[in-house]
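Remarks on the overall topology
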Amino acid sequence: MILEAIARLVRGSSLFNTLNTRTVEIFMQMSPGNPGSDKRGIKDLDWQVSAAGTVIQTGKTTDNGRIPMRIRGGNSTLQLLFSGAVVAEYTVGIRDTALDPITDQRGQLRRLRMQGYQIGHTGTDNIGVDATNPPPALTIEGDRSILEFQSDQDIKAIGTFDAATNNALTTAAGA
Amino acid sequence: MAVSVLVQSPQKQIIVPVRFDRAVRGAPVLDAPDVDDRGFVLKTPGGLNVTNARGAMFGTTVGDTVRVKVVREDLDATAPLFVTAATSSNPQVRITAPAGGGPLPPDGIFSIEALADNTTPQKIHVRLGSATGPIVGEADPHTFSLLTLNITPHIWTLHSASAAPGAGTEPTVNGAAMNLTTLFNVARTIWRPMGIGFNVNPERHDVLFGAPVDNSITRDNAAPVGSDADLVDHNFVANTCNIHFIRFTPGYLGIGVRREIAPALGFKRPGIIIGVEGARNTNGTFFIRPSAGTALEQELGNDIAHEIGHFLTLTHADNQNGDTPPPDTYRRRQLMHPNNLLPSAVAGGARFNDCGYGVVGGNGHRGCLLLMKNHTTNASASEVISTRRRFRSPQLF
């Protein structure tokens, strides 16, 4: 999370500032996971952020693919541009609820998603995580993502969340 | 339509827009190779050119044009994408469709021509907006010169009688005489991405008297007449892979024996035996292959390709045999999974019946993936290297 600079009100003002803008870090990458010495960020990507129909940020990615994105209200829209035209959009919100435990399938999937694994777009939030309890059977994308994560981490790819996988996933996701 | 993203506070969010995939689903197709997308890290085996790409790896044979798919997993379906081959002084591949590399059609399929087998690595890039736009995804193609395996097919009539006329009959497929061209075309399709092809000699129609029963043989290390270990010695054609088609194999549906393994099994020669119609169980009952039509042809062609894999030194996926078949999707996708058809997901602990190659009667077809990546946590890895090196071995036949 990145704090945003807020202008002070004039001395003696009876008004107040409402902090309703937060900044999150989005990393556009060619492959999932935290980079090591390799360059997996998407470079030279023109982007802009819109909220309530107004462009509030613009930028171009460097070789880490990082976009410090401002979220106003419930969500903002990240737009990728090419030659000035919008070619792709992401509706980005923030989830403040505590991360589900690593032993819970929802927590496992959320961590895979945080790392960029492509777990599909099922569920009420359309991010591949179904919040129902007990969780439904894994989708093809969820199954594939576990196997990919295990392979990338040099863990035997068995497609189930064993202790080694959960430990590696916790470390990779930072939580 | 915008892609939804929910950033878990206070963490960061990584977005990976695209991935590479096989261009088709269902039965294997000659110009649509499976891609080794087991993880994004390449883990390139020794013997292959090394790039720093992170993505899928796939193989092609010099002169072939194949189709591969870019999937917009976390990107708008309408985002304009282009595919380019990295600039190279010694190119292995070039993009042939769409012209100019894009924009890719809605299905994401592009065509790539394999130009030369050389030691200069070359990546494939997916770009946003134009052929010079930002690179949003990478793949690692490998072009192979064609290695050809000479094959002699034997179609057997097995009689229990000791002399003519006998009551055995030749194996049939879908109630008709075997069409080996159809079956070997399936096997060719599977092996082509590894740069391995087959020269199938004219089929032999062989007859054996003295089998234990009509139309079948026994599994016997002592190699008496009428056993598998003995059958491979009959009408052996040197310097070829002899493949024996019989109606019912003993307890297994197929066996592929390379020269080094033959003595341990009592086999007098290396070779392959396929039970075209099924297997004879040890209690004397028969297991009949349940599929029919093109599904049966796919199954038999896959079995031929699988046993050729054994003949070329491959073990079962992760060294797990049919008594403990691996249930995960990766290994069910492998040609060297021990079972065909695959055990049902419910009974076998797998998540899905279909591993991408279709389902017949509730059971998935075994996959056709031959491994390129070298995952050291998997007991069988980088099959492309071991099979291609086998062609240089004096033990090949």
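Bear in mind the structure is a predicted one, so any value in this text is a computation, not a measurement.

Listed as interface residues are 57 residues of chain A and, on the opposing side, 46 residues of chain B. If you list the elements that add at least two residues to the side of chain A that touches chain B, you get strand E1 (21-28), strand E5 (75-82), strand E6 (85-95), helix H1 (105-114) and helix H2 (140-152) of chain A. In terms of residues, the side of chain A that touches chain B owes the most to one element, E6(A), which gives nine residues. The class makeup of the residues in the side of chain A that touches chain B is 28 nonpolar, 14 polar and 15 charged.

Once that is clear, we can look at the pairing of E6(A). Successive residues of a regular strand alternate their side chains across the two faces of the sheet. Of the pairings in the sheet, the one linking E5(A) to E6(A) comprises eight bridges and is antiparallel in character. Looking at E6(A), one finds that Ser76(A) is bridged to Val92(A). Counting the residues that bridge the hairpin from E5(A) to E6(A) gives two residues, and of these Ser83(A) lies at a positive phi of roughly 50°. In this structure, E6(A) lies alongside strand E1 (residues 3-8) of chain B, joined through six bridges in parallel fashion. In the strand pairing of E1(B), Gly93(A) is matched with Leu6(B).

The next thing to look at is the confidence of the model for chain B. Here chain B shows a mean pLDDT of 97. Residues at 70 or above account for 100%. If you check the scores for this complex, the pTM reads 0.95 and the ipTM reads 0.96.

Sheet strands line up and pair through hydrogen bonds in the backbone, either parallel or antiparallel. Residues and elements named next belong to chain B. Strands sit in the order E4-E10-E9-E6 across an open sheet of four strands; the sheet is mixed. The two strands at the open ends of the sheet, each matched to only one other strand, are strand E4 (55-61) and strand E6 (81-85). Here the average twist between neighbouring strands, direction ignored, is 30°.

The next subject is helix H7 (residues 383-390) of chain B. Residues and elements named next belong to chain B. Within the sequence span of H7, burial applies to Glu383, Val384 and Thr387. Projected down its long axis, H7 shows its buried positions confined to an angular sector of 95°, all on one face. Summarising the contacts, the buried residues of H7 are in contact with E4 and strand E14 (196-200).

Conventions used here
- Residues numbered from 1 in each chain as written.
- Chains lettered and ligands numbered in written order.
- Predicted model: local features only at pLDDT ≥ 70, side-chain atom pairs only at ≥ 80, totals over all residues.
- Contact = placed C-beta atoms within 7 Å.
- Helix = DSSP H or I, 4+ residues; strand = E, 2+ residues; numbered from the N terminus.
- Nonpolar A, V, L, I, M, F, W, Y, C, P; charged D, E, K, R; others polar.
- Pairing = 2+ DSSP bridges.
- pLDDT = per-residue confidence, 0-100.
- Axes fitted to C-alpha atoms, helices over the stretch in contact; angles between N-to-C directions.
- Buried ≥ 20, exposed ≤ 12 C-beta atoms within 10 Å, placed from the backbone.
- Arc of directions from axis to C-beta.

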